[in-house]
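One letter stands for each residue in the lines below.
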Amino acid sequence: MNQSRIIVSEQILHRICGEYLEMPGLQLTRPQAQRLWGLDEQTCAALLESLTEEKFLYRRPDGTYARLTDGAVTFPPLRMVKAGPAPRSAGAGSPAGGRPKARV
């Protein structure tokens, strides 16, 4: 696949994702998706399969493609990190908000 074809495919993928994000509950058959986005059968099937593999879409038992989650855009789950000692700064713990006390 040449570079310009990859760029066009990515643009179409962004457009498809945008449509599904803008219209919660959108469910399309492959022929409906082909007509909506002006794609040939092979390209449409490949793009829908790609979005299904990425877990953005899923194919329902009736053959329609819908968003896997119809709520807010999902982000990867947060991971817990091991906590270590807090880094010490030069004035940490001093009563003057981090500034050293003046000597009298």
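Quick look at the structure, then.

The rules behind each value
- Position labels on residues start from 1 in each chain and follow its written sequence.
- Local features in a predicted model are, by the rule used here, given only for residues with pLDDT of at least 70; side-chain atom pairs are given and counted only at 80 or more, and totals for whole chains, interfaces and linings are based on all residues.
- The basis for the side-chain values is all heavy atoms of the structure; hydrogens and waters are excluded.
- In this description a helix means any DSSP run of H or I spanning at least four residues, a strand means any run of E spanning at least two, and both kinds are numbered starting from the N terminus.
- Whether two residues are in contact is decided by their heavy atoms, any of which lying within 4.5 Å being enough.
- Only rings of Phe, Tyr and Trp enter the pairing, Trp through its six-membered ring, and a pair is recorded when the two centres are within 6.5 Å. The plane angle decides the type: under 30 degrees is stacked, over 60 is edge-to-face, the rest tilted.
- Any residue under 20% of the maximum accessible area for its type is buried, any over 50% is exposed, and the rest in between are partly exposed; the area is computed with a 1.4 Å probe on protein chains only.

**Quick look at the side chain of Thr64**
So, step 1. Looking at the secondary structure, you find Thr64 in the loop between strand S2 (57-59) and strand S3 (65-67).
So, step 2. Not counting the four nearest positions on each side in its chain, Thr64 is found in contact with Gln27, Leu28, Thr29, Tyr58 and Arg59.

**Comments concerning the packing of aromatic side chains**
Think of a pair of aromatic rings as described by two things: how far the centres are apart, and how the planes are tilted against each other in angle.
So, step 1. Per the counting criterion, the structure on display carries one aromatic pair.
So, step 2. Arranged with centres 6.3 Å apart and planes meeting at 40 degrees, the rings of Tyr20 and Trp37 form a pair that is tilted. Note that Tyr20 is positioned in helix H1 (residues 3-22) and Trp37 in helix H2 (residues 30-37), a separation of 17 residues in sequence.
So, step 3. Accessibility expressed as a relative area gives 1% for Tyr20, which makes it buried.
So, step 4. Accessibility expressed as a relative area gives 7% for Trp37, which makes it buried.

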